Number of protein chains: 2
Amino acid sequence: MSYLMRTEIGEQPEVLRRIADEEWRAIQSVAQQIRDQGIHAVFLAARGTSDNAAAYFKYLFEIQNGLPCGLAAPSVVTLYRAQLNLHGALVVGISQSGQAPDVVEYLAHARANGALTLSLTNDPESPLASASHFTLLLRAGAERSVAATKTYTGTLACIYLLSEALRGQHDAPQRLHHAAALIEQALQSEPRVQEIADRYRYMRECVALARGINQATAQETALKLIETCYVMCKAYSVADFMHGPFALIEPGFPCLLFAPDGATFATALESASKLRAGGAETVTFASNEEILRLARMPVPMPAGVPEMLSPIVYAVAGQLFAYHLALARDLNPDQPRGLQKVTRTL
Amino acid sequence: MSYLMRTEIGEQPEVLRRIADEEWRAIQSVAQQIRDQGIHAVFLAARGTSDNAAAYFKYLFEIQNGLPCGLAAPSVVTLYRAQLNLHGALVVGISQSGQAPDVVEYLAHARANGALTLSLTNDPESPLASASHFTLLLRAGAERSVAATKTYTGTLACIYLLSEALRGQHDAPQRLHHAAALIEQALQSEPRVQEIADRYRYMRECVALARGINQATAQETALKLIETCYVMCKAYSVADFMHGPFALIEPGFPCLLFAPDGATFATALESASKLRAGGAETVTFASNEEILRLARMPVPMPAGVPEMLSPIVYAVAGQLFAYHLALARDLNPDQPRGLQKVTRTL
């Protein structure tokens, strides 16, 4: 394997362990600040892959900390010149490069308008880090593939630890070490993923489905497929999918379904039945045997993945699928047409 | 024209006028409550078309009132049983039928957890109306087409008036009457839209692009195309599109671009140039001649549309495009396969 993307996919367990070992203290201190300042809401500014990590943040902090979160629309500040009242809010900017100009400007605005500001980035010297009160580091090493992989799961890992720190869970780093081991197990699904990739050589469009916290996984897999395979893939919550887009389903329509165990599993199972009844071609990532049996192409995942960590583990399966599909299509996953590693929008 | 969808598209000016004349007083009283209670953030619960209206709400209230807004994830409450702290927040539920069980449950939870709650619905007797402190009515009459049209722009109209009321603009109803007249002008683009629809008879996928407040327009047009034409259409902010999905662009790749005048126009123009350089097939809805000249298929829109009302006017052009494309594909736009008018998810 000589592609950067595959090398970086393989580095993810090590990145998680580094975050657990080296970033936990900084994370605990940010959590203390959030508590001290009586933060009542969180707004997250990010683009692309980082925006998918922001979706994970929203679910996790709402579920575990009861803290309502929303995604920011940077253009409100950068183009419309709104004056947002952000007193009592935490504003989080996410960008692996820390260069995204609109995210940087949004953070600077938030800081000037009363918010506590936090950046998640791979570069401590970046403009984003300078613009915010606190910075948490992804510690992923240089990411050279245009398609982000290890900085995505690294961001999720920092978010996980911050949520755990905020609710006083002192054993969170050990649980992140466990997640690293689960990624290693998930990487063992690679032969299976490689085997089925050929079947989708000529797939032109598909949907990626999940519910709840794995909405982030569906979105991130969709973006990886778009970037590396030029497949028109759209992510949906299975709930939203039933409101309209289900009309897309005809025999053979391909659906990737991420269905880990947990609170959302029952709705995923119900959707899997409807998709099967509609003749959809389902590629299902799950550990539950009942839902795997409903799939046209089951991809078994490790058992016993804690639900709140499942987006970290399942994202890896999505990365492998995008990577092997790119190879099956004779594309170079490291060189998506028309893209550069750092995208600058205002 | 015998299809319900087309009849209801034509009813939109009348719905807007009815809202301006009959709902303004109730809207002003809700605005007074929002002021009195010192609301510091807004969270919006909605699915499908209503979720696109929620995106309009977010941009409008952030731009015009500096009030940070976020979209809610109902499953956090309905499936994960989170206890959100929503003191000082306004929580808005949007559902034309008022039946969406997860939106109703989210509103009830928000009300029990300290939020001021507001519903936007077409049915004053619905469970959603009962669950919330206040209700604003869409006054759209029965909507019989599965693909929502007049309830979408009706929702936008209520949102517009509420934002204007909150900042003390007493002439807002007159401006909504003006928007109704602009819709009538936009409906005159129908022969042009009908003329170009045939060209997309066999289009399988496309993207719908906009920036800022017309993000809602791109999303809603994408949903209409999916529901009525089974075209895999994904909406993007042009800013997000440049982060990855731009890799989709190859000669002939179809892009719908909504580019009204205003604060975001310069970025839309820049994107139009990049799309042209990449050989994309652009269908551009705009009034500016420079950007129309860059389009493969320009669709001229009325001049002088106020930016904050442009999503109401441009949505109508998107509806017409979806409607005529459905006819060109010999599909019945009133009967999307696999869908019913009211979708129930928990």
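A quick note: this is a predicted structure, and the numbers were derived from the prediction, not measured. (Residues numbered from 1 in each chain as written. Chains lettered and ligands numbered in written order. Predicted model: local features only at pLDDT ≥ 70, side-chain atom pairs only at ≥ 80, totals over all residues. Heavy atoms only, no water.)

The full count for this structure, using the stated rule, is 5 cavities of 30 Å³ or more. Residue lining of the largest cavity: 50 residues in total, with Asp51(A), Leu71(A), Gln219(A), Leu71(B) and Gln219(B) positioned closest to the centre. Among the secondary structure elements, those contributing two or more residues to the lining of the largest cavity are helix H4 (49-65), helix H11 (215-229) and strand S7 (232-237) of chain A together with helix H4 (49-65), helix H11 (215-229) and strand S7 (232-237) of chain B. Tallied by class, residues from the lining of the largest cavity come to 25 nonpolar, 14 polar and 11 charged. (1 Å grid on protein atoms, 1.4 Å probe; cavity = no way out; pocket = protein on both sides within 12 Å on 5 of 7 lines; lining within 4 Å. Points joined across faces, edges and corners; volume = space filled by probe spheres on them. Helix = DSSP H or I, 4+ residues; strand = E, 2+ residues; numbered from the N terminus. Nonpolar A, V, L, I, M, F, W, Y, C, P; charged D, E, K, R; others polar.)

What follows covers the sheet that holds strand S4 (residues 116-121) of chain B. Residues and elements named next belong to chain B. The strand order across the open sheet built from 5 strands is S2-S1-S3-S4-S5, with neighbouring strands paired in parallel fashion. Both outer strands of the open sheet, strand S2 (69-71) and strand S5 (134-137), are each paired with one neighbouring strand and no more. Across the sheet, the axes of successive neighbouring strands diverge by a mean angle of 20°, strand direction being ignored. Direction of pairing for strand S1 (residues 41-45) relative to S2: parallel, over a ladder of 3 bridges. Residue Val42 lies in a different strand from S2, and its bridge partner there is Cys69. (Pairing = 2+ DSSP bridges. Axes fitted to C-alpha atoms, helices over the stretch in contact; angles between N-to-C directions.)

After a rotation of 180° and a shift along the axis of 0.0 Å, chain A superposes on chain B with an RMSD of 0.0 Å. Between the two chains, the operation in question is that of a two-fold axis. Relative to the rotation axis, the C-alpha of Gly70(A) is the closest in chain A, positioned 2.0 Å from it. Of all interface residues in chain A, 100% are interface residues in chain B too; the two copies therefore contact each other through one and the same surface. (Least-squares fit on C-alpha atoms with pLDDT ≥ 70 in both. Contact = heavy atoms within 4.5 Å.)

A few words on the sheet that holds strand S4 (residues 116-121) of chain A. Residue and element names in this part refer to chain A. The parallel open sheet is built from 5 strands, whose spatial order is S2-S1-S3-S4-S5. What marks the edges here is a single partner per strand, and that holds for strand S2 (69-71) and strand S5 (134-137). This sheet shows a mean twist of 20° between the axes of neighbouring strands, independent of strand direction. Judged from the 4 bridges that link them, S4 and S5 form a sheet pairing that is parallel. Along S5, the bridge assignment pairs Leu120 with Leu136. Running over the sheet, helix H6 (residues 101-112) touches strand S1 (41-45), strand S3 (89-94) and S4 and is turned about 160° from S3.

With that settled, the discussion passes to the nonpolar core. Ranked by internal contacts, the top residues of the largest apolar core, which has 276 residues, are Leu176(A) and Leu176(B). Apart from the residues lying within four places of it in its own chain, the contact partners of Leu176(B) are Leu16(B), Ile19(B), Ala20(B), Ala157(B), Tyr160(B), Leu161(B), Leu309(B) and Ile312(B). (Core = buried A, V, L, I, M, F, W, Y, C linked by side-chain atoms within 4.5 Å. Buried < 20%, exposed > 50% of the residue type's maximum accessible area, 1.4 Å probe, protein only.)

It is worth spelling out the side chain of Glu220(B) at this point. Residues and elements named next belong to chain B. Locating Glu220 in the fold gives a position in helix H11. You can call Glu220 buried: its relative accessible area is 2%. Among the polar contacts made by the side chain of Glu220, one reaches the side chain of Thr49 at a distance of 3.4 Å. Those residues in contact with Glu220, other than ones at most four positions away along the chain, are Thr49, Asn52, Ala148 and Tyr152. (Polar contact = N/O pair within 3.5 Å; in protein donor to acceptor, adjacent residues only side chain to side chain.)

Attention now goes to the confidence of the model for chain A. When pLDDT is averaged across chain A, the result is 95; 97% of the residues are at 70 or more. Both scores are available for the predicted complex, with the pTM at 0.96 and the ipTM at 0.94. (pLDDT = per-residue confidence, 0-100.)

Let us now look at the packing of aromatic side chains. Residues and elements named next belong to chain B. Scanning all chains against the criterion turns up 15 aromatic pairs over all chains. Relative to Phe61, the ring of Phe57 has its centre 4.0 Å away and its plane inclined at 5°; by these criteria the two rings are stacked. On the criterion of helical spacing, the pair formed by Phe57 and Phe61 is a turn pair, its members being 4 residues apart in helix H4. A relative accessible area of 0% means that Phe57 is categorised as buried. One cation-aromatic arrangement involves Arg201 over Tyr202; the distance from NZ or CZ to the ring centre is 4.6 Å. (Phe/Tyr/Trp six-rings, centres within 6.5 Å; stacked < 30°, edge-to-face > 60°. Lys NZ or Arg CZ within 6 Å of the ring centre and 35° of its normal.)

Take the side chain of Ser237(B) next. Mapped onto the secondary structure, Ser237(B) falls in strand S7. Judged by its relative accessible area of 6%, Ser237(B) is buried. Aside from chain neighbours lying at most four places away, what touches Ser237(B) is Arg47(A), Ala210(B), Arg211(B) and Gln215(B).

Turning to the interface of chain A and chain B, a few remarks are in order. Counting residues at the interface gives 71 residues for chain A, matched by 71 residues for chain B. With both chains or domains summed, chain A and chain B bury close to 5,600 Å², and 61% of this area falls on carbon and sulfur atoms. Our enumeration of links across chain A and chain B arrives at 4 salt bridges. One salt bridge connects Asp240(A) with Arg47(B), and the closest N-O pair in it is separated by 3.2 Å. Inspection of the region where chain A meets chain B yields 15 residue pairs in polar contact (both at pLDDT 80 or more). Counting residues per element, the ones that place at least two in the side of chain A that touches chain B are S1, H4, S2, helix H5 (75-78), strand S6 (205-210), H11, S7 and helix H12 (238-242) of chain A. (Buried area = accessible area lost by both parts, 1.4 Å probe. Salt bridge = Lys/Arg side-chain N within 4 Å of Asp/Glu carboxyl O.)

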